[in-house]
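Below are the chains, spelled out letter by letter.
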Amino acid sequence: MSATPLLKLDGLARYFDVSPPLLNRLLERRGHVYLRAVEEVSLEIQKGQTFALVGESGCGKSTVARLVVGLYAPTRGKIEFEGVDIGGLRSRQARFPYQRRMQMIFQDPFASLNPRWRVVDIIAEPLRAYRLVSGRQAIRERVGELLTQVGLSPHDGSKYPHEFSGGQRQRISIARALASNPEFLVCDEPTSALDVSVQAQILNLMKDLQKRMELTYLLITHDLAVVYHMANRVGVMYLGRLCEVEDAKTLFARPRHPYTKLLLDTVPNLDLSGKERVPVAGEVPNPINPPPGCVFHPRCPHANERCRTEVPHPIPDGEGGMVACHGVQEGRLPA
Amino acid sequence: MTEPLLQVHNLRVEFPTRRGTLVAVDDVSFHIDPGEVLGVVGESGAGKSMTGSAVIGLLEPPGRIASGQILLEGKRIDNLSQDRLQQIRGRRIGAIFQDPLTSLNPLYTVGRQLVETILTHTDMTRGEARRHALNMLKEVGIPAAENRIDSYPHQFSGGMRQRVVIALALCTNPRLIIADEPTTALDVSIQAQIIALLRRLCRDHGTSVMLVTHDMGVIAEIADRVAVMYAGRVVEIGSVRDVIKAPHHPYTEGLMGSIPTVGHHVERLTQIDGSMPRLTDIPPGCAFHPRCKYAFDRCHRERPDLENKGGSHSACWLEADRVRHSPAEA
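Residues numbered from 1 in each chain as written. Chains lettered and ligands numbered in written order. Predicted model: local features only at pLDDT ≥ 70, side-chain atom pairs only at ≥ 80, totals over all residues.

Chemist: I keep staring at the overall build of chain A and nothing clicks. Help me out?
Modeler: Broken down by element type, chain A carries twelve helices and twelve strands. Taken over the C-alpha trace, chain A has a radius of gyration of 21 Å; the compact-globule value for 335 residues is 20 Å, and the two agree within 12%. Each principal axis of the C-alpha distribution contributes one length, and for chain A these read about 70 × 60 × 40 Å. Residues counted as buried form 45% of the 335 residues belonging to chain A. Counting only contacts in chain A whose residues sit at least 6 apart along the sequence, the fraction spanning at least 24 positions is 64%. (Helix = DSSP H or I, 4+ residues; strand = E, 2+ residues; numbered from the N terminus. Rg over C-alpha atoms; globule rule 2.2 N^0.38 Å. Buried ≥ 20, exposed ≤ 12 C-beta atoms within 10 Å, placed from the backbone. Contact = placed C-beta atoms within 7 Å.)

Given below as structure tokens:
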């Protein structure tokens, strides 16, 4: 493994203030209420890798994505890009050079493109903002190049987003993200809004681009099959915390955290094995009032007294992976 | 041979618009046997939900059934008046929709909604209906059902709400349930719970299900047979095993290859280029031919019908002409 990872998150946390309004707090004697969307998230992403963050809705994976690209400021912890803590950079000026190098692709290609702009202007926006290309003609050429790269035609630049299908719009989002020559792309559920045959096109395109341009991906998704297909490394999140980080191959072959096992067990697959699944009871608890101890204990078949009271800390496995589970640490569960 | 519970013959659903008539469902035929789960799968715009809506008579105007017949237990239901249909809907056909929040009335407690449904469709007294409602809630796995029966829908989580919707659909013991993307809005671990629940309930009650979904994984878990739809038509229909393991139609084949699966490592997914045609410009001949890697002259001109290919039935000229131009040979 190379010395400095491209991106390193260290003890990252983000709380949202969901308190009732001031007057209610005073009159009803209620305190502040915080939603701990992300808590103690530490991970490293090496250059050229695809790191997938997987989890169910409300687990904080999208918040991590937004923290990384600077759409939210962290409450605590560090976000290091090539060793520089960019989470701490407050001024726009200081962030600028790093922002160019990391871009984001959003889930909903119907909401992430301005319907009143022509495609050429949408894609040219980063070029203009970072003053990468100047001159009308040069911008047009660069946009044409980007459109070709994502499998569209340069002529599509003069159209509006509504003239495209969902998959084509996601291609436009990718072209826009690539416009500033980034090295790092944060993809937040890039294919969840798409049909499977279109999803395959976009996933193939993402793989091709990664190979050609040596891109590093942080892939946020709830779909384990997509993770299996795309990722080198996987982090599993539950209720704001990472419960397991592992090489994709190892994780799918030997999941260690009970939640990872649950997730892998419940994915419907095409094997037609006819085996009866034992669905795990219960649901994701409310993050405003998370259970004490290990947040997963109310649903965990192996939980004991310690799990109910003590928060498990990550146990590194010496190869960059980790699992946060008392059961694994105590040897109650196979590691 | 028992009579099929539901028969759909040559169903055609049209939407008259200012720019001409759109055909959303075109010449679709299938049947569902008692106790059988038929999966209807396809991408958005394939006409799968529209087919489901047509069966329960909930097509939104200006959509209308232009031709074809729908028979429930041997009797036509596509030409009934709204009043007659209302009696069948709920009593003999239940429905489960994608978003549990919009299919429950936010102003009434779930108990009241269940009791009212039961009273409308059966001869039970109010007391019996309430007891039955409580039993249904227990059966779909609502914890502490006695306390939750007087809660409002917003007090339930997504998975629990979908359980309530399932209870609502099953409370009159219908013969057929139309489930339109019942698990799409749910997380995977909850999805697994709901799939297991649906499967168990239908087995216990002998209810047939028409399961409309875009998720082949869900079909593989729960359905007996599957119909694959493309651009308003059924392109392949057969047992789940045949369709998934030995698809005949190139679209099904491509669709299966394009689904990433845990445990099967592939460098690239099979890619079907292009996208489903809009209803305004469905190509002549086989609607899939512009995206089909096997397409030949006949596909551009003539529209194939479903025929037995050994295993599943598929609507494709390929094996009819006994030429399988695999790209490797071409």
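Chemist: Could you clarify how one ought to interpret the sheet that holds strand E6 (residues 102-105) of chain A in this entry?
Modeler: Working definition: the strands of a sheet are paired by backbone hydrogen bonds and lie parallel or antiparallel to each other. All names here are of chain A. Pairing within the open sheet is mixed, and its eight strands lie in the order E6-E7-E8-E3-E9-E10-E12-E11. A single partner strand is all that each edge strand has here, and the edge strands are E6 and strand E11 (315-316). Relative to strand E9 (residues 233-238), strand E3 (residues 50-54) is paired through four bridges, and the arrangement is parallel. Bridged to alanine 52 within E9 is valine 234. Taken strand by strand, helix H10 (residues 258-266) contacts E9 and strand E10 (241-247), and its axis lies near 100 degrees from that of E9. (Pairing = 2+ DSSP bridges. Axes fitted to C-alpha atoms, helices over the stretch in contact; angles between N-to-C directions.)

Chemist: What is the right way to read helix H4 (residues 126-139) of chain B from this model?
Modeler: Because an α-helix completes one turn every 3.6 residues, residues spaced three or four positions apart along the sequence face the same direction. All names here are of chain B. Between its terminal C-alpha atoms H4 stretches 20 Å, which fits the 20 Å expected from 14 residues at 1.5 Å a residue. Looking only at H4, the buried set comprises Ala129, Ala133, Met136 and Leu137. Seen from one end, H4 has its buried residues packed into an arc of 95 degrees, which puts them on one side. Lining the buried residues of H4 we find helix H3 (110-121), helix H5 (145-148) and helix H6 (158-170). (Expected span 1.5 Å × (residues − 1). Arc of directions from axis to C-beta.)

Chemist: I'm lost on helix H7 (residues 196-213) of chain A in this one. Help?
Modeler: Between its first and last C-alpha atoms H7(A) spans 25 Å; for 18 residues at 1.5 Å apiece the expected length is 26 Å, and the two agree. Those residues of H7(A) that sit buried are A:Val196, A:Ser197, A:Val198, A:Gln199, A:Ala200, A:Gln201, A:Ile202, A:Leu203 and A:Met206. Tucked inside the fold, the buried residues of H7(A) contact helix H6 (166-178) and helix H8 (224-230) of chain A together with helix H10 (250-257) of chain B. A:Glu214, located one to two residues past H7(A), shows a positive phi value of around 50 degrees.

Chemist: Explanation requested: the interface of chain B and chain A in the structure shown.
Modeler: You'll often see interface size given as the accessible area lost when the parts meet. Each partner contributes to the interface: chain B provides 34 residues, whereas chain A provides 32 residues. Secondary-structure elements contributing two or more residues to the side of chain B that touches chain A are helix H7 (188-205), helix H8 (216-222), helix H9 (240-245) and H10 of chain B. Examining the composition of the side of chain B that touches chain A, we find that seven residues originate from one element, H7(B), more than from any other. When grouped by side-chain class, the residues that make up the side of chain B that touches chain A number 16 nonpolar, 13 polar and five charged. (Nonpolar A, V, L, I, M, F, W, Y, C, P; charged D, E, K, R; others polar.)

Chemist: When you look at the environment of B:Pro247 in this model, what are you seeing that I'm missing?
Modeler: Residue and element names in this part refer to chain B. Along the chain, proline 247 turns up in the loop between H9 and H10. The exposure class assigned to proline 247 is buried, which follows from the 23 C-beta atoms found within 10 Å. Taking the C-alpha atoms as reference, proline 247 lies 27 Å from valine 55; in sequence the two are 192 residues apart. Apart from the residues within four sequence positions on either side, proline 247 is in contact with Glu236, Thr252, Glu253 and Met256.

Chemist: Please clarify how the pairing of strand E10 (residues 233-239) of chain B should be interpreted in this entry.
Modeler: The side chains of a regular strand alternate, residue by residue, between the two faces of the sheet. All names here are of chain B. With six of seven residues buried, E10 lies mostly within the body of the structure. From the end of strand E9 (residues 225-230) to the start of E10, which pair antiparallel, there are two residues, and alanine 231 there has a positive phi angle of about 50 degrees. Judged from the two bridges that link them, E10 and strand E12 (residues 313-314) form a sheet pairing that is antiparallel. Residue pairing for E12: isoleucine 237 is matched across the bridge by histidine 313.

Chemist: Any chance you could explain the pairing of strand E1 (residues 7-17) of chain A here in plain terms?
Modeler: Residues and elements named next belong to chain A. Pairing between E1 and strand E2 (residues 34-45): eight bridges, direction antiparallel. Bridged to aspartate 17 within E2 is tyrosine 34. Here E1 pairs with strand E4 (residues 76-81) via five bridges, running antiparallel. Paired with aspartate 10 across the bridge in E4 is lysine 78.

Chemist: Looking at this structure, I do not really get unusual backbone geometry. What am I missing?
Modeler: Negative phi values dominate among residues other than glycine, just as trans dominates among peptide bonds. Residue and element names in this part refer to chain B. At the junction of proline 61 and proline 62, the peptide bond is cis and its omega measures out at 10 degrees in the coordinates. By the secondary structure assignment, proline 62 is in the loop between helix H1 (48-55) and strand E4 (64-72). Despite not being glycine, glutamate 73 shows a phi value in the positive range, around 50 degrees. Along the chain, the position of glutamate 73 falls in the loop between E4 and strand E5 (75-76).

Chemist: Before we go on, may I ask you to explain the nonpolar core in this structure?
Modeler: Generally speaking, nonpolar side chains in soluble globular proteins are found buried as a group. Membership of the largest hydrophobic core comes to 187 residues, with the highest contact counts inside it found for A:Leu218, A:Val227, B:Ala167, B:Met210, B:Leu211, B:Val228 and B:Tyr230. The residues touching B:Ala167, leaving out its near neighbours within four places in the chain, are B:Leu114, B:Met136, B:Leu137 and B:Val140. (Core = buried A, V, L, I, M, F, W, Y, C linked by C-beta atoms within 7 Å.)

Chemist: I'm lost on the sheet that holds strand E1 (residues 6-17) of chain B in this one. Help?
Modeler: All names here are of chain B. Reading across the sheet, the four strands line up as E2-E1-E4-E5 and stay open at both edges, with antiparallel pairing between neighbours. Strands with a single pairing partner mark the edges of an open sheet, and in this sheet they are strand E2 (20-32) and E5. Note that E4 and E5 share two bridges and pair antiparallel. Within E5, the residue paired with leucine 72 across the bridge is lysine 75. Set on the sheet, H1 makes contact with E1, E2 and E4; between it and E1 the angle comes to about 110 degrees.

Chemist: Please explain the packing of helix H4 (residues 119-129) of chain A against helix H5 (residues 136-149) of chain A as it appears in this structure.
Modeler: Angle between the axes and distance between the axes are the two parameters that describe a pair of packed helices. Residues and elements named next belong to chain A. Remark: H4 packs on H5, axes separated minimally by 10 Å, with the N-to-C direction vectors making an angle of 110 degrees. Relative to H5, the element H4 lies roughly perpendicular. Across the interface between the two elements, Val120, Ile123, Ala124 and Leu127 of H4 pack against Ile139, Arg140, Arg142, Val143 and Leu146 of H5. Of the residues that constitute the contact of H4 with H5, the class distribution is seven nonpolar, no polar and two charged. (Parallel < 35°, antiparallel > 145°, perpendicular 65-115°, else oblique.)

Note that all results are geometric; they support no functional claim without further evidence.
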